[in-house]
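The chain contents come next:
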Amino acid sequence: MTATEKLQNDTPRVIVSAAERLAAARRTGTPCPPVRDLLGTEDVAAAYEVQQRFVDDCERDGARIVGRKIGLTSPAVQRQLGVDQPDFGVLFADMDVSGLSEVPVGVLLQPKVEAEVAFALSADLDGPTDLETVRAAVGHAVAAIEIVDSRVAAWDITITDTVADNASSGLFVLGDNPVSLADFEPISTSMTMSVDGEVVSEGSGADCLGDPLIALQWLARTAADYGSPLRAGQVVLSGALGPMAPVHPGSVVRAEISGLGIVEVSFARGDL
């Protein structure tokens, strides 16, 4: 028996089946039914096992982890999706589309956008996680747009569905104005996001788990609990500051986050 076969045999069948269902959706570009029929709606640890299988598969294929994203931090987003707690996913280098003039839509299934504060870490967060230590680990903050996506049909998700699906991660765009926390207070920021010139989302730093730094603190503790602590050099998308909004081929998204400036992303025309 090979090591892979032994691992398959030692892994609960529901974990394997959920991972295979989501992998097929990614491979074919066809959204799949939710995985809560396999995982239930409360076993978040099992959902993170599914997520880890995806991460392991990506790394075996040469993908490079560059950070994490925190999801479900905004009360507005929690209400939109019917969940009541945050989650996290893994960011890979090829998810960063900051340098593209247009985002190709063929890699997305059913995208939505969120405006966020992103943190670039200058120190590991694998020890004490009081807010002072968390703040000191941030090299700088930058405005960001996260392009979330779901492999689950019609975004019909519970907390276990989205966790298993790498926290509904898609792509992300970072602004080009890094600011030290000596000059920027995340809790005090305000955000306005527009799609094609129409304001679709507004919020503040206080709408992200009470403070984006509290969100980062939650992530540091949770990631360490799952055996994969945050490391210097990683970027963390700290979570939506307001409601998420759908986008379509040809959409232009503009987010302004006070103290950090403006970040924009354009989507190529074509078919999703």
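Quick caveat, the model's predicted, so the values are computed rather than measured. (Residues numbered from 1 in each chain as written. Predicted model: local features only at pLDDT ≥ 70, side-chain atom pairs only at ≥ 80, totals over all residues. Heavy atoms only, no water.)

### Quick notes on the pairing of strand β3 (residues 112–121)
We apply this condition: When a residue's accessible area, from a 1.4 Å probe over protein chains only, is under 20% of the maximum for its type it is buried; when over 50% it is exposed; and in between it is partly exposed. By definition, any uninterrupted DSSP run of H or I lasting at least four residues is a helix, any uninterrupted run of E lasting at least two residues is a strand, and each is numbered from the N terminus. A strand pair is defined by DSSP finding two or more bridges across the two strands.
For β3, a buried count of 10 out of 10 residues is recorded, marking the element as mostly surrounded by other parts of the structure. Judged by which residues are buried, β3 turns out to be covered on both faces: Lys112, Glu114, Glu116, Ala118 and Ala120 on one side and Val113, Ala115, Val117, Phe119 and Leu121 on the other are all buried. As paired elements, β3 and strand β4 (residues 138–148) share 10 bridges and run antiparallel to each other. When the sheet's bridge partners are listed, Lys112 is paired in β4 with Val148. Pairing analysis gives four bridges linking β3 to strand β8 (residues 235–240), with the strands arranged antiparallel. By the bridge assignment, Ala120 is partnered in β8 with Val235.

### A closer look at the side chain of Ser168
Cut-off, in case you're wondering: Contacts are residue-level and defined by heavy atoms, with any inter-residue pair within 4.5 Å sufficient.
Residue placement: Ser168 occurs in the loop between α7 (159–164) and β5 (171–174). Taking relative accessible area as the criterion, Ser168 reaches 3% and is therefore assigned buried. The contact partners of Ser168, leaving out residues within four places of it in the chain, are Lys69, Val148, Asp149, Arg151, Trp155, Ile157 and Thr162.

### Section: the packing of aromatic side chains
Put simply, the test is: Each pair of aromatic rings taken from Phe, Tyr and Trp, with Trp reduced to its six-membered ring, is defined by centres within 6.5 Å and is described as stacked if the planes are under 30 degrees apart, edge-to-face if over 60, and tilted in the remaining cases.
Tallying each qualifying case throughout the model produces five aromatic pairs. A centroid spacing of 6.1 Å and a plane angle of 85° characterise the contact between Phe54 and Phe92, whose relative ring orientation is edge-to-face. In this pair, Phe54 is assigned in helix α4 (residues 44–60) and Phe92 in strand β2 (residues 87–92), connecting sequence segments 38 residues apart. The exposure class assigned to Phe54 is buried, which follows from its relative accessible area of 16%. With centroids separated by 6.5 Å and ring planes inclined at 65°, the aromatic side chains of Phe88 and Trp218 adopt a geometry described as edge-to-face. Placement of the pair is Phe88 in strand β2 and Trp218 in helix α8 (residues 212–225), with a sequence separation of 130 residues. The exposure class of Phe88 is buried, given its relative accessible area of 5%.

### Comments concerning empty space enclosed by the protein
Over the atoms, a rolled probe matching the size of one water molecule traces out where space is still vacant. Basically, it comes down to this: Space inside and on the surface of the protein is sampled on a 1 Å grid over the protein atoms alone, with a cavity defined as a set of points where a 1.4 Å probe fits but cannot get out and a pocket as an open set with protein on both sides within 12 Å along at least 5 of 7 lines; lining residues have an atom within 4 Å of a point. Grid points are joined across faces, edges and corners, and a volume is the space filled by probe spheres set on the points. Charged residues are taken to be Asp, Glu, Lys and Arg, nonpolar residues to be Ala, Val, Leu, Ile, Met, Phe, Trp, Tyr, Cys and Pro, and polar residues to be all remaining types, Gly included.
Counted by the stated rule, this structure contains one cavity of 30 Å³ or more. Taken as a whole, the largest cavity encloses approximately 100 Å³ of empty space. Around the largest cavity, the lining is made up of 14 residues, and of these Leu72, Leu81, Glu114, Ala167 and Ser168 lie nearest the centre. Looking at the lining of the largest cavity, the elements that each hand over two or more residues are β1 (65–71) and α5 (75–81). By residue class, the composition of the lining of the largest cavity is eight nonpolar, three polar and three charged.

### A look at the pattern of salt bridges
Where we set the bar: A pairing counts as a salt bridge when a side-chain nitrogen of Lys or Arg comes within 4 Å of a carboxyl oxygen of Asp or Glu.
Inspection of the entire model under this criterion finds 13 salt bridges. Taking the shortest distance from any N to any O, the salt bridge between Arg36 and Asp156 comes out at 2.9 Å. Remark: Asp156 occurs in the loop between β4 and α7 and Arg36 occurs in helix α3 (residues 36–39); sequence separation between them is 120 residues. Of the charged contacts in the structure, one is a salt bridge between Asp57 and Arg60, with a shortest N-O distance of 2.2 Å. Remark: Arg60 and Asp57 occur in helix α4; sequence separation between them is three residues, near one turn of the helix. One connected set of salt bridges, linked through shared partners, spans Arg26, Arg151 and Asp165.

### Some words on the pairing of β8
Across the six residues of β8, six count as buried, placing the element largely inside the fold. Note that β1 and β8 share three bridges and pair parallel. Its bridge partner lying in β8, Arg68 is registered against Val236.

### Regarding the environment of Pro212
Residue position: Pro212 is located in helix α8. Given a relative accessible area of 0%, Pro212 falls into the buried group. For Pro212 and Tyr226, which are 14 residues apart along the polypeptide, the C-alpha to C-alpha distance reads 21 Å.

### Thoughts on the packing of helix α2 (residues 13–28) against α4
Axis angle and axis distance: for two packed helices, these are the angle between their axes and the distance between the axes, and together they describe the pair. Which entries qualify depends on this criterion: The axes used here are C-alpha line fits, helices contributing only the stretch in contact, and every angle between their N-to-C directions lies in the interval 0 to 180 degrees. Here is the rule for angles: anything less than 35 degrees is roughly parallel, anything more than 145 is roughly antiparallel, 65 through 115 is roughly perpendicular, and the remaining ranges are oblique. Crossing handedness follows the turn of the near helix against the far one: under a right angle anticlockwise gives a left-handed crossing, and clockwise gives a right-handed one.
Two numbers describe how α2 lies on α4: the axes approach to 9 Å, and their chain directions differ by 50°. Here α4 runs oblique to α2, going by the angle between their axes. As α2 runs across α4, the sense of the crossing is right-handed. Each of Ile15, Val16, Ala18, Ala19, Leu22 and Arg26 in α2 lies in contact with α4, whose residues at this interface are Ala46, Glu49, Val50, Arg53 and Phe54. For the contact of α2 with α4, the residue count by class is eight nonpolar, no polar and three charged.

Geometric values such as these leave the question of function open.
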